[in-house]
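Next come the chains, spelled out residue by residue.
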Amino acid sequence: MDTTNFVNQLRSGARAKFPAHASSLDYARKLDQQDPLRHLRDEFILPTKGSLRKRHLNGILPDGTRVASGVDKVDRAAGNDINGHDNGINGTNDTNSTDRAHPDCPTPDDDTPCIYFCGNSLGVQPKAVRRHVNAHLETWASIGVNGHFRAFASSPLVPWQDMAENCAKRSAAIVGALPSEVVIMNTLTANLHFLMASFYRPTEKRHKIILEWRPFPSDYYVIESQIRWHGLDPARSMVAIQPDEHFHISTDTILRVIDEHADETALLLFPGIQYYSGQLFDMERITKHAQDRGIVVGWDLAHAAGNVELRLHDWGVDFAAWCTYKYQNAGPGAIAGAFVHERHGRVEMDTEDGRPVFRHRLTGWYGGDKSVRFNMDNNFLPTPGAGGFQLSNPSAIDLASLSGALSVFDKTDMAALRSKSLVLTAYAEFLLDSILADQPADAKEPAFRLITPRDPLQRGAQLSVLLRDGLLDTVSAALEKGGIVCDKRKPGVIRVAPVPMYCTFEDVWTFMDVLRKAIA
Ligand SMILES: *Cc1c(COP(=O)(O)O)cnc(C)c1O
């Protein structure tokens with residue numbers, strides 16, 4: 001068995017040819033042994049079957065680490081807390097057995113890690129997040145306002161003033177952008193609004209926005225309310241592209257709709273990956289086709305950033321936005337990212353009246369260039385690039401969390417992650433097919449169907465499984481009992497996202513074993 005073979009097959013758009021015996025647990029384990037990224041799982045704290053049932057804080061993490069309560073004080077002279085034991089700040093495995101025996105706490109036999117296939121909704125916690133957040137809290141407590149500019153030796157963090165830019169630089173590699181094309185700010189929905197304030201400039205003639213049939217509700221509200229904000233009618237200005245009977249939208253269909261509405265369209269706003277079907281769109285072709293017809297192109301990369309390889313700069317995308325709590329693991333509601341292409345971020349200085357010329361946007365003081373930001377003179381001079389779209393002093397604790405999450409990405413790259421992801425998801429698909437093949441021949445309707453494209457290049461990590469009517473409750477119960485976390489959407493879709501950073505082939509195998517038994 002050679003996984004590079006699979007990677008090559010999948011990267012050429014072919015199906016991976018797994019041998020018949022690949023449906024054994026032993027085979028899954030062999031795939032794990034060959035996985036060059038298997039060490040990355042150790043960077044995360046995965047919930048355990050026991051911890052998932054937790055209802056009370058007890059200061060113990062699922063990996064057994066005892067975390068500082070913040071109540072125990074360190075006796076500085078001795079380096080111990082006042083109770084005489086190491087306070088666990090250093091991550092020692094000082095688990096207290098009486099805590100564990102508490103009726104509300106997990107029992108030791110529940111310490112098997114859960115199978116976490118919900119990274120498309122919220123990624124699991126990287127260990128580094130606690131280190132980075134703690135470093136921030138210590139900095140703030142120790143030097144107060146001076147933390148804006150002082151770097152601490154041995155801290156994983158840069159001064160607060162530089163953190164957003166530092167995170168932007170590291171995020172640029174994830175989305176295929178120049179460092180100056182990324183800004184870290186706000187949250188996804190807020191950023192879509194701010195970017196559209198600059199990029200959706202409807203005119204009498206060109207006012208339409210092209211979107212897909214089932215945008216994430218927040219995206220729908222953004223588009224609808226922006227249209228109303230401009231005094232226009234959503235019924236006239238929204239063009240939703242319908243999918244085929246498999247819930248897919250072919251590139252040809254998209255290009256055709258663009259052509260149909262080309263003269264009246266101001267903006268195309270599409271998801272890189274559709275959250276429901278898991279379809280990955282051909283961003284490069286769609287962007288070029290629309291732009292050639294004078295349409296501005298924006299991408300919502302909530303399900304794509306950190307999941308698939310992106311080349312936003314080379315593709316010439318006008319703008320994009322993403323959240324960092326899905327495939328980037330920065331924590332619930334964490335600070336978000338946005339991309340503005342280089343050509344839109346220019347600041348011309350040698351003008352006749354001496355005033356800088358730049359793309360119009362809604363501004364705030366933190367979009368101002370650092371050289372003059374604190375002059376307090378009401379002359380806005382934007383930071384060149386996406387940084388000029390920043391508004392407020394960004395939350396340092398948020399940035400610390402993102403910085404911790406990005407430190408795991410710093411240890412690898414998107415090409416390596418995608419290579420593993422292609423095989424991991426293809427393996428899940430192979431096992432799903434083997435479940436279907438085992439169904440009784442007289443079954444009227446298959447137990448489920450896959451609504452994610454079969455073409456590996458038209459999907460990311462996620463597979464959406466549409467269950468036969470009435471199966472969702474049974475399957476949900478079995479998954480929960482098996483310590484499996486994945487997303488279930490009524491009436492009957494489960495979205496299965498084996499994330500290459502922390503999920504294993506054995507996880508995939510076990511998941512499918514539970515599913516197989518639940519369906520039988
Ligand atoms: C997750 C997601 C959101 C969430 O938006 P927030 O502003 O972060 O709450 C929006 N759009 C899409 C497509 C998403 O997948």
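Keep in mind that what you see is a predicted model, and the values were worked out from it rather than measured.

The rules behind each value
- Per chain, the residues get numbers from 1 upward, laid out in the order the sequence is written.
- Residues qualify for local features only when their pLDDT is at least 70, as the model is predicted, and side-chain atom pairs are given and counted only at 80 or more; totals for whole chains, interfaces and linings, by contrast, use all residues.
- Computation of side-chain values covers all heavy atoms of the structure but excludes hydrogens and water.
- A run of H or I in DSSP becomes a helix once it reaches four residues, and a run of E becomes a strand once it reaches two; helices and strands are each numbered from the N terminus.
- For the radius of gyration, the atoms used are the C-alpha atoms, and the globule rule reads 2.2 Å times the number of residues raised to 0.38.
- The buried label goes to any residue with under 20% of its type's maximum accessible area, the exposed label to any with over 50%, and the partly exposed label to all in between, with areas taken from a 1.4 Å probe on protein chains only.
- It only takes one pair of heavy atoms within 4.5 Å for two residues to be counted as in contact.
- Note that His is not counted, nor are the chain ends; the positive residues are Lys and Arg, and the negative ones are Asp and Glu.
- Think of each charge as sitting on NZ of Lys, CZ of Arg, CG of Asp or CD of Glu.
- Being near a molecule or strand, for a residue, means having at least one of its heavy atoms within 4 Å of it.
- By the criterion applied in these results, polar contacts are pairs of N or O atoms within 3.5 Å in which, for protein atoms, one can donate a hydrogen and the other can accept it, and in which residues neighboring in sequence qualify only through two side-chain atoms.
- Each accessible area value is a Shrake-Rupley result obtained with a 1.4 Å probe; residue values ignore everything except the protein chains displayed when judging cover.
- Here the term charged refers only to Asp, Glu, Lys and Arg, the term nonpolar to Ala, Val, Leu, Ile, Met, Phe, Trp, Tyr, Cys and Pro, and the term polar to all other amino acids, Gly among them.
- One requirement defines pairing of two strands: DSSP has to find at least two bridges between them.
- Any carboxyl oxygen of Asp or Glu within 4 Å of a side-chain nitrogen of Lys or Arg constitutes a salt bridge here.
- Think of a 1 Å grid over the protein atoms and nothing else: a 1.4 Å probe that fits but is trapped marks a cavity, an open set flanked by protein within 12 Å on at least five of seven lines marks a pocket, and residues with an atom within 4 Å of a point count as lining.
- Grid points are joined across faces, edges and corners, and a volume is the space filled by probe spheres set on the points.
- A helix's residues, less one, multiplied by 1.5 Å, set its expected span.
- Only the contacting stretch of a helix is used when fitting its axis, a line to C-alpha atoms as for every element, and angles between N-to-C directions run 0 to 180 degrees.
- Just so you know, the domain bounds were taken from an automatic or database domain assignment.
- Here the quantity called buried area is the total loss of accessible area, with a 1.4 Å probe, experienced by two parts when brought into contact, counted for both.
- Here a Phe, Tyr or Trp ring, Trp counted by its six-membered ring, pairs with any other such ring whose centre lies within 6.5 Å, and the pair is stacked when the planes are under 30 degrees apart, edge-to-face when over 60, and tilted otherwise.
- pLDDT is a residue-level measure of predictor confidence that goes from 0 to 100.

**Considerations on the overall build of the protein chain**
Argument step 1. Counting its regular elements, the protein chain contains 15 helices and 19 strands.
Argument step 2. Over its C-alpha atoms the protein chain spans a radius of gyration of 25 Å, differing by no more than 12% from the 24 Å that the globule rule assigns to 520 residues.
Argument step 3. Each of the three principal axes of the protein chain carries a C-alpha extent, and together these read 75 × 75 × 40 Å.
Argument step 4. Taken across its 520 residues, the protein chain has 53% of its residues classed as buried.
Argument step 5. Intrachain contacts of the protein chain at a sequence separation of at least 6 include 71% that bridge at least 24 residues.
Argument step 6. On the protein chain, the mean spot of the 56 positive side-chain charges and the mean spot of the 63 negative ones are 2 Å from each other.

**Considerations on the site of the ligand**
Argument step 1. For the ligand, the full set of nearby residues is Leu188, Thr189, Phe216, Asp219, Asp300, Ala302, His303, Tyr325 and Lys326.
Argument step 2. Within the side chain of His303, an N or O atom sits 3.1 Å from an oxygen atom of the ligand.
Argument step 3. Lys326 is positioned with one of its side-chain polar atoms (N or O) 2.5 Å from an oxygen atom of the ligand.
Argument step 4. Bound to the protein, the ligand loses 85% of the 390 Å² it would expose on its own.
Argument step 5. Looking at the shell around the ligand residue by residue, the classes come out as 4 nonpolar, 2 polar and 3 charged.

**Considerations on the pairing of strand E16 (residues 463-467)**
Argument step 1. Within E16, 5 of the 5 residues are buried, which leaves the element mostly enclosed by the surrounding structure.
Argument step 2. Side chains of E16 alternate between two faces, with Leu463, Val465 and Leu467 and Ser464 and Leu466 buried alike.
Argument step 3. Pairing geometry for strand E15 (residues 448-450) and E16, over 3 bridges, is antiparallel. Paired with Phe448 across the bridge in E16 is Leu467.
Argument step 4. The pairing of E16 with strand E19 (residues 493-496) spans 4 bridges and is antiparallel.

**Comments concerning the environment of Gly64**
Argument step 1. Note on placement: Gly64 falls in the loop between strand E1 (44-45) and strand E2 (74-75).
Argument step 2. Residue Gly64 is classed as buried on the basis of its relative accessible area, which comes to 9%.
Argument step 3. Spatially, the C-alpha atom of Gly64 lies 8.9 Å from that of Asp111, the residues being 47 residues apart in sequence.

**Notes on the pattern of salt bridges**
Argument step 1. For the structure shown, the criterion picks out 27 salt bridges.
Argument step 2. Salt bridges sharing common partners tie together Arg15, Glu429, Asp433, Arg454 and Arg459.

**Re empty space enclosed by the protein**
Argument step 1. Applying the stated rule across the entire model yields 4 cavities of 30 Å³ or more.
Argument step 2. Taken as a whole, the second largest cavity spans an internal volume of roughly 60 Å³.
Argument step 3. Every residue lining the second largest cavity is listed: Ala135, His136, Thr139, Gly147, Arg150, Phe152, Ser155, Leu157, Val158, Pro159 and Trp160.
Argument step 4. A per-element tally of the lining of the second largest cavity places helix H4 (residues 127-143) first, with 3 residues.

**A short note on helix H12 (residues 396-409)**
Argument step 1. Across its 14 residues, H12 extends 20 Å between first and last C-alpha, which sits within 8% of the 20 Å expected from 1.5 Å per residue.
Argument step 2. The buried count for H12 comes to 12 of 14 residues, which makes it a mostly enclosed element.
Argument step 3. For H12, every residue scored as buried is listed here: Ala396, Leu399, Ala400, Ser401, Leu402, Ser403, Gly404, Ala405, Leu406, Ser407, Val408 and Phe409.
Argument step 4. Buried residues belonging to H12 abut E1, strand E5 (125-126), H4, helix H5 (160-175), strand E6 (182-185) and helix H13 (414-437).

**Remarks on the sheet that holds strand E7 (residues 208-212)**
Argument step 1. What the 7 strands build is an open sheet, ordered E6-E12-E11-E10-E9-E7-E8; its pairing is mixed. Here the strands that pair on one side only, and so sit at the sheet edges, are E6 and strand E8 (238-241). Each strand of the sheet is rotated relative to its neighbour by a mean of 20°, with strand direction disregarded.
Argument step 2. Note: strand E11 (residues 319-322) against strand E12 (residues 336-340), 4 bridges, orientation antiparallel. Note on E12: the bridge partner recorded for Ala320 is Phe339.
Argument step 3. The sheet contacts of helix H6 (residues 188-199) involve E6, E7, strand E9 (265-271), strand E10 (296-300), E11 and E12, and relative to E11 the element is tilted by about 170°.

**What to know about the domain arrangement of the protein chain**
Argument step 1. Domain assignment breaks the protein chain into domain 1 (3-34 + 414-519), domain 2 (59-112) and domain 3 (180-404).
Argument step 2. Taking the mean C-alpha position of each, domain 1 and domain 3 sit 32 Å from one another.
Argument step 3. Each partner contributes to the interface: domain 1 provides 23 residues, whereas domain 3 provides 18 residues.
Argument step 4. Between domain 1 and domain 3 lies a buried interface of about 1,700 Å² when both sides are counted; carbon and sulfur atoms form 52% of it.

**Looking at the packing of aromatic side chains**
Argument step 1. What the rule picks out here adds up to 22 aromatic pairs.
Argument step 2. Between the aromatic rings of Phe6 and Phe18, the centroid separation amounts to 4.6 Å while the plane-to-plane angle is 40°, which identifies the pairing as tilted. Of the two residues, Phe6 sits in helix H1 (residues 3-11) while Phe18 sits in the loop between H1 and helix H2 (25-33), which places them 12 residues apart along the sequence. Each of the two residues, Phe6 as well as Phe18, counts as buried.
Argument step 3. Each residue in the set Phe6, Phe18, Tyr27, Tyr427, Phe430 and Phe505 is aromatic and connected to the rest through ring pairs, giving one cluster.

**Here we look at the confidence of the model for the protein chain**
Argument step 1. In the predicted model, the protein chain carries a mean pLDDT of 92, and 92% of its residues have values of at least 70.
Argument step 2. The low-confidence segment residues 81-101, where pLDDT is below 50, has 38 contacts with residues more than four positions distant or belonging to other chains.

**Focus: the sheet that holds E19**
Argument step 1. Spatial ordering of the open sheet is given by E15-E16-E19-E18, a layout of 4 strands whose pairing is antiparallel. A strand with exactly one partner marks an edge of an open sheet, and here the two such strands are E15 and strand E18 (487-489). Pairwise comparison of adjacent strand axes, ignoring direction, gives a mean angle of 25° for this sheet.
Argument step 2. In terms of strand pairing, E18 meets E19 through 3 bridges, oriented antiparallel. Bridge pairing in E19 links Lys488 to Ile494.

**Concerning the layout of surface pockets**
Where empty space is left becomes clear once a probe the size of a water molecule has been rolled over the atoms.
Argument step 1. Quantified by volume, the second largest pocket comes out at close to 750 Å³.
Argument step 2. With 5 residues, the top contributor of residues to the lining of the second largest pocket is H4.
Argument step 3. Here the residues of the lining of the second largest pocket are counted per class, giving 17 nonpolar, 9 polar and 2 charged.
Argument step 4. When residues of the lining of the second largest pocket are assigned to domains, at least three fall in each of domain 2 (59-112) and domain 3 (180-404).

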